[in-house]
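# Analysis of the macromolecular model
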Amino acid sequence: MKLALGNLTPDLGLIQNTPSTRTGKSHHTWWLYKDTSPWAIFQIISIPDETLP
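Let me begin by describing the structure that accompanies this report. (Residues numbered from 1 in each chain as written. Predicted model: local features only at pLDDT ≥ 70, side-chain atom pairs only at ≥ 80, totals over all residues. Heavy atoms only, no water.)

### Section: the environment of isoleucine 45
- By secondary structure assignment, the location of isoleucine 45 is in strand E4 (residues 43–45).
- In this structure the C-alpha to C-alpha distance between isoleucine 45 and leucine 12, which are 33 residues apart in sequence, comes to 21 Å.
- The residues touching isoleucine 45, leaving out its near neighbours within four places in the chain, are Leu3, Ala4 and Leu5. (Helix = DSSP H or I, 4+ residues; strand = E, 2+ residues; numbered from the N terminus. Contact = heavy atoms within 4.5 Å.)

### So, a nonpolar patch on the surface
- Taken together, the side chains of Leu3, Leu5, Ile45 and Ile47 make up a nonpolar region of the molecular surface, amounting to roughly 320 Å² of accessible area.
- Note on placement: isoleucine 47 falls in the segment after E4. (Patch = residues over 30% accessible without salt bridge, like charges linked within 9 Å, V, L, I, M, F, W, Y side chains within 5 Å. Areas by Shrake-Rupley, 256 points an atom, 1.4 Å probe, with all protein chains shown as cover. Salt bridge = Lys/Arg side-chain N within 4 Å of Asp/Glu carboxyl O.)

### What to know about the side chain of threonine 36
- Checked against the element boundaries, threonine 36 lands in the loop between strand E3 (28–32) and E4.
- Within the local environment of threonine 36, its side chain forms a polar contact with the backbone oxygen of tyrosine 33, the two atoms lying 3.0 Å apart.
- Every residue in contact with threonine 36, bar those within four places of it in the chain, is listed here: Asp11 and Leu12. (Polar contact = N/O pair within 3.5 Å; in protein donor to acceptor, adjacent residues only side chain to side chain.)

### Quick look at the environment of threonine 36
- A residue is classified by how much of its surface remains accessible, and threonine 36, at 18% relative accessible area, is buried.
- When the C-alpha positions of threonine 36 and aspartate 11 are compared, they lie 8.6 Å apart, and in sequence the two are 25 residues distant. (Buried < 20%, exposed > 50% of the residue type's maximum accessible area, 1.4 Å probe, protein only.)

### With respect to the environment of isoleucine 41
- Among the secondary structure elements, isoleucine 41 is positioned in the loop between E3 and E4.
- Residue classification places isoleucine 41 among the partly exposed positions, given a relative accessible area of 29%.
- On a C-alpha basis, the gap between isoleucine 41 and leucine 12 in space is 9.8 Å, while along the polypeptide they are 29 residues apart.
- In this structure, isoleucine 41 is in contact with Leu5, Gly6, Asn7, Leu8 and Leu12, ignoring residues within four places of it in sequence.

This is the structure:
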């Protein structure tokens, strides 16, 4: 498993804050536009082990 970082922009689709009503935790739903390449905006990143809980 790897961690990726990306910046979502309006040209890729619609994004709406849709938090869970049961837990109250943050969540966003992302509806991609047709013929987009969302994977192109993400980069694999590394986190040093000493920063993990």
